[in-house]
Amino acid sequence: MNKVITKIRSGIGGYLKDNILFLTFVFASVLNGFLLRAFTVKFNYSQIKPLMADMAVILLLALISYVFKKPRKQFVYLLVLTIIFSILCTANSIYYTNYKSFISVSLISTASQLGGVMDAVTENIMEPKDLIFLWDIPVIIVVYILLKRRTRDYITEVKEKRKRRGYALGTFCVSIGLAGIFCSTLTGTDYSRLAKQWNREYVLGTFGLYTYQFSDVISCTHAKINMMFGYEESEEVFNKFYDDKSKTEETSEKSNKYTNIFKDKNIIVIHAESFQQFCMDTYINGEELTPNMNKLAREGLYFSNFYAQESVGTSSDSEFTFASSGTVAINYWDRDYTTTQKMLKKKGYYTFSMHGNNGSYWNRLNLHHSLGYDDFFNYNKDFNIDETIGLGLSDKSFFRQAVPKIEKINKEHDKWYGAFLMLTNHTPFTDIERVSDYEVDFKYKMYNEEDGMYEEKSAPFLEGTKLGSYFKSVHYADQAIGQFMTDLDNAGLLDNTVVVIYGDHDAKIKAEEYDRYFNYNPFTDSVLTEDDEGYVPVDDFYYNLNRKVPFIIWSKDGGYEPTEVKQIMGMYDVQPTLGNMFGFSNVYALGHDIFSVADNEENVVIFPNGNFVTDTVYYDSQKNTYFDLTDYKNVATAVSCNQVYKDDPNPVYMDDDQGLFKTTVNETYCQDSCNARINDGVVDEDYISNYSNYAEERINISNAIIYYDMIYKTDHGFSNNNMNSDNSSSGANSVFAPPENKRTFGRHAA
């Protein structure tokens, strides 16, 4: 028995001695995978399962190193893998900070857009922890150098073919064994989510980094193959969906009091960059942060429960969804979409867009042509770059220079539609500090016993923070919109015109910024921690529900009763809603006219990752949990010091009042209160299942429209079940070819 034990110990010792570099690589790669999960999905999932999966994949890849006879080649192979995996970890960590998801090879084509926002990545998104994953690169180099210097036995042993075969076989068996044990723990839901790849957080948290990335490659490759060979299946699903939809709408869609109220009016659309809805409910020292937007909201139709539904394309995604009901801007701009611009052109409208950034950014020169714009005025081609803030021409200068262009268009065309893309309020927001004197401190008064007077105090509050810079930037954007409206009115351009304003996406402000915002005590100039009684957490549900953006429809001519619409609404509902008001319709729209949704029915907003929100719950498909929205008020407008004292600005400090600020539990928003809303039984499993299926169906239809150019092929006879539509565009004749570009943007005066 002792001989057996001795032999085993000798074998293990020999293996460890001969495979130091190999084991260093395996340990480092598995550790990085663990660290990535710890920094992102944290410990919401089992740690044993992804560890086994990561170990199985790493061992399988590492055993290839035994093919190489020379240690140097083995080292080069392992070093290359180390670099690749370290970069993957770093990229996923950065990406998760911004999108709460993980990278995909399908996003490689969007990497070209990073150059224009690199400051935003380094200043606002990248964190020191993102660079931790690079530690293993120098380590594996140092290990190799030390091995090479310390012993020749290492070089001799590795060259022994028989040993290398034995090590490779043993490694393979261990890898397969771990994979087998791991697979035995999986459920049908696990396999389904791995295949669909929508719930990337769940996939990485369950399967580990390396299985996720390989699965993603396979999934993307399968999607490309399906684009060539999977047309018939998608066509069948597409046709069935719209056949059923047309039958349903024949009985449910009816005219309402907003039908055709704006027919034949001019349209100004303001794309409000990174403008979040909670800013409109925010007060700084008792004054509105966004007085101009608030005025428009009070005088117009204000949709206060509105979500942008954007994906990784952020602004370009919102432009597309606003127009058509993806990141399509880079990869799928050349499809034939049924857009608002095209439908208005059929009604005699001239359509144009303006932007203070380079026209090639996010492929807008091509995208705007595809959306149906007649002209795209952009950057130094059409504007004098006389003031730069952030990424390009400042919003105030942009709007000021836009007015005379609109006057010229108004003289030349009876009806027109113009989209104006704002830019200054774009992450990282720091450049606004150069030009803004807007204060984001907290002012209060304190009695001075020496002179018997009350003196004004100023707590720094948000000064010097990223959220503070964002508020300053939002205030600037609001001023720019106010100036634009005044200039338009003075030029007579608001007569017979409807103004539509929407926030394109949230500001991507990190959770820790809100942690300070929620828990800052100005009277002690301190921030509460989780151990303090009055602490309010930045729960994922709180964070996601705060990502709402404003949507406003306003007309100087009136014709409606000013209304705040509190029903849940998404960007894909905009086109049907505007269509009802302006007299056009799109049979392919995935959203609804919000005013046609019955009072006893719920609307639903679907997000690209499979999450959804209704008037009752917000459902997180990543964690399979929901949050009860009954009587919920946005935490971002309720608990911070500026909001608590919005009706009592510049308060007088008293020990028995302000001195007790945030010293007791916040019964409405504390962690226990938040947890009490999660999976509390307000809806049943059938409710979640039905809406999840609803979301999946519409995501599949959206993919079919984008991937296969399904609208064009259906309208032009490539479909077996042709749908009649008068909203199509001409295009190429090949089934798999994109629509042919028949014209370029018209020439225009600057």
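Criteria and thresholds
Along every chain, residues carry numbers that run from 1 in the direction the sequence is written. Only residues with pLDDT of 70 or above have their local features reported here, since the model is predicted, and side-chain atom pairs are shown and tallied only from 80 upward, although totals for entire chains, interfaces and linings are computed over all residues. With hydrogens and water stripped out, all remaining heavy atoms of the structure feed into the side-chain values. Note on conventions: DSSP H or I runs of at least 4 residues are helices, E runs of at least 2 residues are strands, and numbering of each starts at the N terminus. Here the Shrake-Rupley method, with its probe set to 1.4 Å, supplies the accessible areas, and only the displayed protein chains count as covering residues. Just to be clear on terms, a salt bridge is a Lys or Arg side-chain nitrogen sitting within 4 Å of an Asp or Glu carboxyl oxygen. Remark: exposure states derive from per-residue accessible area (1.4 Å probe, protein chains only) relative to the maximum for the residue type, with buried under 20%, exposed over 50%, and partly exposed in between. Every axis in this analysis is a line fitted to C-alpha atoms, fitted for helices over the stretch in contact. Angles between the N-to-C directions lie between 0 and 180 degrees. Crossing handedness is read from the near helix: turned anticlockwise from the far helix by less than a right angle, it gives a left-handed crossing, and turned clockwise, a right-handed one. Should any heavy atoms of two residues lie within 4.5 Å, those residues are counted as being in contact. Ten residue types, Ala, Val, Leu, Ile, Met, Phe, Trp, Tyr, Cys and Pro, are classed as nonpolar, four, Asp, Glu, Lys and Arg, as charged, and the remainder, Gly among them, as polar. Only strands that DSSP links by at least two bridges are regarded as paired with each other. Here, nonpolar core refers to any group of buried Ala, Val, Leu, Ile, Met, Phe, Trp, Tyr and Cys residues whose side-chain atoms link them within 4.5 Å.

Concerning the overall build of the protein
Of the regular secondary structure elements, the protein holds 26 helices and 22 strands. When the accessible surface of the protein is summed, it comes to about 32,700 Å², and 53% of that surface belongs to carbon and sulfur atoms.

As for the pattern of salt bridges
Enumeration according to the criterion identifies 28 salt bridges in this entry. The salt bridge partner of Asp216 is Arg200, with a shortest N-O separation of 3.2 Å. With a relative accessible area of 16%, Arg200 lands in the buried category. Residue Lys508 is joined to Asp506 by a salt bridge in which the shortest nitrogen-to-oxygen separation is 3.2 Å. Residue Lys508 shares its accessibility class with Asp506, and that shared class is buried. Several salt bridges share partner residues, and in doing so they unite Glu127, Lys129, Asp130 and Lys510 into one network.

Points about the packing of helix 2 (residues 20-39) against helix 3 (residues 48-62)
Viewed as axis vectors pointing N to C, helix 2 and helix 3 meet at an angle of 145°, and their least axial separation amounts to 10 Å. As for how helix 2 packs across helix 3, the hand of that crossing is right-handed. Contacts between helix 2 and helix 3 involve Phe22, Phe25, Val26, Ser29, Val30, Gly33, Phe34 and Arg37 from the first element and Pro50, Leu51, Asp54, Met55, Ile58, Leu59 and Ala62 from the second. Considered class by class, the residues forming the contact of helix 2 with helix 3 number eleven nonpolar, two polar and two charged.

Regarding the sheet that holds strand 22 (residues 625-628)
If you walk across this open sheet you meet the four strands as 19-20-21-22, and the pairing is antiparallel. The open sheet has two free edges, formed respectively by strand 19 (604-606) and strand 22, since each of these has just one partner strand. Here the strands of the sheet are splayed against their neighbours by 15° on average, with no regard to which way each runs. Pairing of strand 21 (residues 617-620) with strand 22, which is carried by four bridges, proceeds in the antiparallel orientation. Note on strand 22: the bridge partner recorded for Val617 is Asp628.

So, the nonpolar core
Ranked by size, the top nonpolar core spans 116 residues in total, and within it Met354, Phe420, Phe471 and Ile553 carry the most contacts. Residue contributions to this core peak at ten residues, all from helix 19 (residues 466-490). Other than its neighbours up to four places away in sequence, Phe420 contacts Ile268, Val269, Ile270, His271, Phe352, Met354, Phe398, Phe399, Ala402, Ile406 and Phe484. Membership of the second largest hydrophobic core comes to 48 residues, among which are Tyr45, Tyr66, Phe75 and Tyr144.

Considering the sheet that holds strand 1 (residues 266-272)
Taking strand neighbours across the sheet as the criterion, the eight strands line up as 7-6-10-1-13-16-4-17 in an open arrangement whose pairing is mixed. Looking along the sheet, the strands with just one partner apiece sit at the ends: strand 7 (375-378) and strand 17 (563-565). The average undirected angle you get between the axes of adjacent strands in this sheet is 15°. Looking at chain direction, strand 13 (residues 497-503) and strand 16 (residues 551-555) are connected through five bridges and run antiparallel. The partner of Val498 across the bridge, within strand 16, is Ser555.

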